[in-house]
Amino acid sequence: MPAADNRYANSRAAFAHAKTLMPGGVNSPARAFGAVGGEPLFIARAEGPHLWDLDGNRYLDYIGSWGPMILGHAYPAVVEALAAAVPLGTSYGAPTEGESALAQLIIDSVPSVERVRLVNSGTEATMSAIRLARGYTGRDRVVKFAGNYHGHVDSLLVAAGSAAATLAVPNSPGVTAGTAADTIVLPYNDAAALEEAFAKQGDEIAAVIFEPVCGNMGVVVPSPAFVEALSNLPREHGALLVCDEVMTGFRLSLGGAQERLGLEPDLTTLGKIVGGGLPVGAYGGRSDVMAKVLPEGPVFQAGTLSGNPLATAAGCATLRALRENPPYEKLEKLGERLEKGLAGAAKAAGVPSVVQRMGSMVTLFFHDGPVRSWSDAAECDTARFGRYFWEMLDRNIYLPCSQYEALFISAAHTEADIDATIAAAKEAIAAAA
Ligand code: PMP
């Protein structure tokens, strides 16, 4: 539980007020700290790898806005691009060259993306990609994997992230049984289950959507057999492969997880980093599939603020920085250092645990043995995670507030930051044991 002193007093007062105004006091549930049994911090500002809360506490930030801030906060080139864009007007609802610039940067970076449509969030990207896949194939069913989260799209809000169901039962009131019925939920990392689904109803499946490296049950890396099944089965049965790189895109490499895993999806969804901290999503892929999107084709999709000039300015500045000065080697080294340090800290404390990582995405699972799928993840000691989380927060380390999330390292983090985090984790894991 949180420290008993008044260290978080201003955040608590702000949260009490916010709760009278917004459901749960927040505009997105993950940030409410509900999974760790406490109240969220209210953030006043951020710079580099650091956040400051309303009480003036400074933290090393491993959420990074849940992924976008790969360059660190208030990155000068992004701030300058925004400052230059604002006086030119903030939205026109008409085409701009900034949109083409961002589209070009995405197409140049992700080889499977031949053409792209910009939207305003990851949810919009996956929702639109699923509609497009259905429109293109003329089929209704979609395969998703338990523990994978693709935003709050009705048909994908089934066994999403921390939800335990593995049947196609909606995770939320308001998602109709009819909507969920077209979704086939399979276990992640289970090539045989995918093969069986295609053998049984392959001619009804429009698409397989998946997280190429899962972040939404904590970091779970796909096995080579699973990657191979994803590469082959949809193609053999005339279904589209939709690689959801909202989290992994531009994070695991310029070409995303698909580049690292050697995947060639038909469609890719992006978000988070492509907006440089502003609301942007994108979906793109094969030119002949994208040709079905309105106004070129018949599949409807639109957005008043899509391609907004501030969003494209921040997105372009971020992707240019990543392309001109790729941080991926540095992030790999920092990630490896943190992985080893956390594993050592947990081992020293005698706590059953496993650290899973790809690049700058890391999860310390309080689980005895590897986590390959949601059924493994569900066995984690989430109560221990909650205690660990607060012990870390009290030591000025701001971690994702759930066992079932990846932490994100940014290019602004230093080796000294990682070492300080490991030192804090040694104490925190022991205190939480
Ligand atoms: N897909 C994945 C893999 C995600 O991680 C997320 C968000 N965490 C989404 C889609 C939804 O993105 P957004 O929150 O921008 O709607």
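Residues numbered from 1 in each chain as written. Predicted model: local features only at pLDDT ≥ 70, side-chain atom pairs only at ≥ 80, totals over all residues.

Help me understand the overall build of the protein, please; the structure alone is not making it clear to me.
Across its full length, the protein holds 14 helices and 14 strands. Here the protein has a C-alpha radius of gyration of 21 Å; the compact-globule value for 433 residues is 22 Å, and the two agree. Each principal axis of the C-alpha atoms in the protein carries an extent, and together these give about 60 × 55 × 45 Å. In the protein, the proportion of contacts linking residues at least 24 apart, taken out of those at least 6 apart, comes to 73%. (Helix = DSSP H or I, 4+ residues; strand = E, 2+ residues; numbered from the N terminus. Rg over C-alpha atoms; globule rule 2.2 N^0.38 Å. Contact = placed C-beta atoms within 7 Å.)

I'm lost on the domain arrangement of the protein in this one. Help?
Where the parts come together, the accessible area they lose is often given as the size of the interface. In terms of domains, the protein is made up of domain 1 (9-48 + 63-74 + 327-415) and domain 2 (76-324). Listed by partner, the interface residues are 30 residues for domain 1 and 33 residues for domain 2. Mapped onto the side of domain 1 that touches domain 2, the elements with two or more residues apiece are strand 11 (354-358), strand 12 (361-365) and helix 12 (374-377). Looking at the side of domain 1 that touches domain 2, the element that brings in the most residues is strand 12, giving 4 residues. A breakdown of the residues in the side of domain 1 that touches domain 2 according to their chemical character gives 17 nonpolar, 10 polar and 3 charged. (Domains from an automatic or database assignment. Nonpolar A, V, L, I, M, F, W, Y, C, P; charged D, E, K, R; others polar.)

How do you make sense of the UniProt feature "modified residue: N6-(pyridoxal phosphate)lysine" (unreviewed entry) in the protein when you look at a structure like this?
Cross-referencing UniProt, the feature "modified residue: N6-(pyridoxal phosphate)lysine" (unreviewed entry) maps to Lys272 in the present numbering. Looking at Lys272, the number of C-beta atoms within 10 Å reads 26, which means it is buried. Those residues in contact with Lys272, other than ones at most four positions away along the chain, are Gly67, Pro68, Gly122, Val246 and Met247. (UniProt positions renumbered as here; feature names shortened; annotations may be inferred. Buried ≥ 20, exposed ≤ 12 C-beta atoms within 10 Å, placed from the backbone.)

It is not clear to me how the sheet that holds strand 3 (residues 58-61) should be interpreted in this structure. Could you clarify?
Pairing between the strands of a sheet comes from backbone hydrogen bonds, and it takes one of two forms, parallel or antiparallel. Taken in spatial order, the 4 strands line up as 1-2-3-13 in an open sheet, and their pairing is mixed. Of all strands in the sheet, those with a lone pairing partner are strand 1 (43-47) and strand 13 (397-398), marking the two edges. As defined by bridge partners, strand 2 (residues 50-53) adjoins strand 3 across 3 bridges and the pair is classed as antiparallel. When the bridges of strand 3 are listed, His50 appears paired with Leu60. (Pairing = 2+ DSSP bridges.)

Just checking my understanding: could you explain the pairing of strand 3 for this structure?
For a regular strand, side-chain orientation follows a simple rule: the groups alternate between the two sheet faces. Hairpin connection, strand 2 to strand 3: the antiparallel pair is bridged by 4 residues, and Gly56 has positive phi, about 85°. As paired elements, strand 3 and strand 13 share 2 bridges and run parallel to each other. Across the sheet, the residue bridging to Leu60 is Ile397, located in strand 13.

Looking at this structure, how should I read the site of the ligand?
Residues in contact with the ligand amount to 16 residues; listed here are only the nearest, Ser121, Gly122, Thr123, Gly151 and Val246. Broken down by element, the residue count for the shell around the ligand peaks at 3 residues, all from helix 4 (residues 122-137). Here the shell around the ligand is composed, by residue class, of 4 nonpolar, 10 polar and 2 charged. (Near = placed C-beta within 6 Å.)

What is the right way to look at the nonpolar core in this model?
Nonpolar side chains in soluble globular proteins generally cluster together in the buried interior. Ile106, Ala133, Ala207, Leu240, Val242 and Ala282 are the most contacted members of the largest nonpolar core, which has 137 residues in total. When residues of this core are assigned to their parent elements, the largest contribution, 9 residues, is made by helix 10 (residues 309-324). Each of domain 1 (9-48 + 63-74 + 327-415) and domain 2 (76-324) accounts for three or more of the residues forming this core. Excluding anything up to four places from it in sequence, Ala207 contacts Ile130, Ala133, Val142, Ala239, Leu240 and Val242. (Core = buried A, V, L, I, M, F, W, Y, C linked by C-beta atoms within 7 Å.)

When you look at the environment of Arg320 in this model, what are you seeing that I'm missing?
Within the element layout of this structure, Arg320 appears in helix 10. In this structure, the C-alpha to C-alpha distance between Arg320 and Ser65, residues 255 residues apart in sequence, is 20 Å.

Where do I start with the sheet that holds strand 12 in this structure?
If you walk across this open sheet you meet the 3 strands as 11-12-14, and the pairing is antiparallel. The open sheet has two edge strands with one neighbour each: strand 11 and strand 14 (407-408). Here strand 11 pairs with strand 12 via 5 bridges, running antiparallel. Considered in strand 12, the bridge of Gln356 is made with Thr363.

What should I look at first to understand helix 14 (residues 415-432) in this one?
Given 3.6 residues per turn, any residue in an α-helix points the same way as the ones three and four places further on. A rise of 1.5 Å per residue sets the reference length of helix 14, with its 18 residues, at 26 Å; its end C-alpha atoms lie 25 Å apart and thus fit the reference within 8%. Inspection of helix 14 places Asp417, Ile418, Thr421, Ala424, Ala425, Ala428, Ile429 and Ala432 among the buried residues, and these make up the whole buried set. Against the buried residues of helix 14 lie strand 3, helix 11 (328-348), helix 13 (382-394) and strand 13. (Expected span 1.5 Å × (residues − 1).)

Looking at this structure, I do not really get unusual backbone geometry. What am I missing?
Keep in mind that most residues, glycine aside, have a negative phi and that most peptide bonds are trans. Put simply, Leu294 and Pro295 share a cis peptide bond, and its omega is 10°. As for its position among the elements, Pro295 is in the loop between helix 9 (287-290) and helix 10. Positive phi is not limited to glycine here, since Asn396 has a value of about 65°. You can see Asn396 is positioned in the loop between helix 13 and strand 13. You can call Asn396 partly exposed: it has 15 C-beta atoms within 10 Å.

What is the right way to look at the packing of helix 3 (residues 97-109) against helix 10 in this model?
Two elements in contact, helix 3 and helix 10, have axes separated by 9 Å at closest approach and are oriented at 35°. Of the two possible hands of crossing, helix 3 and helix 10 adopt the one that is left-handed. Only Pro309, Thr312, Ala313, Gly315, Cys316, Leu319, Arg320 and Arg323 of helix 10 make contact with helix 3, whose side of the interface consists of Gly98, Glu99, Ala101, Leu102, Leu105 and Ser109. (Axes fitted to C-alpha atoms, helices over the stretch in contact; angles between N-to-C directions. Left-handed = near helix turned anticlockwise from the far one by under 90°.)

Looking at this structure, I do not really get the packing of helix 2 (residues 76-85) against helix 10. What am I missing?
The description of two packed helices rests on the angle between their axes and on the distance between the axes. Helix 10 packs onto helix 2 with a crossing angle of 150° between their chain directions and a minimal axis gap of 9 Å. One way to sum up the angle between helix 2 and helix 10 is to call them roughly antiparallel. The crossing of helix 2 and helix 10 is right-handed. Contact residues: helix 2 offers Ala77, Val78, Ala81, Leu82 and Ala85, while helix 10 offers Pro309, Leu310, Ala313, Ala314, Cys316, Ala317, Thr318 and Ala321. In the contact of helix 2 with helix 10, the residues fall into 12 nonpolar, 1 polar and no charged. (Parallel < 35°, antiparallel > 145°, perpendicular 65-115°, else oblique.)

Teacher, can you tell me more about the confidence of the model for the protein here?
Parts of the model with low pLDDT should not have their predicted coordinates read in detail. Overall, the prediction assigns the protein a mean pLDDT of 95, with 97% of residues at 70 or greater. Below pLDDT 50 for its whole length, residues 163-167 participates in 10 contacts with residues either more than four positions away or in separate chains. Across the interface, the model reports ipTM at 0.99; the global pTM reads 0.97. (pLDDT = per-residue confidence, 0-100.)

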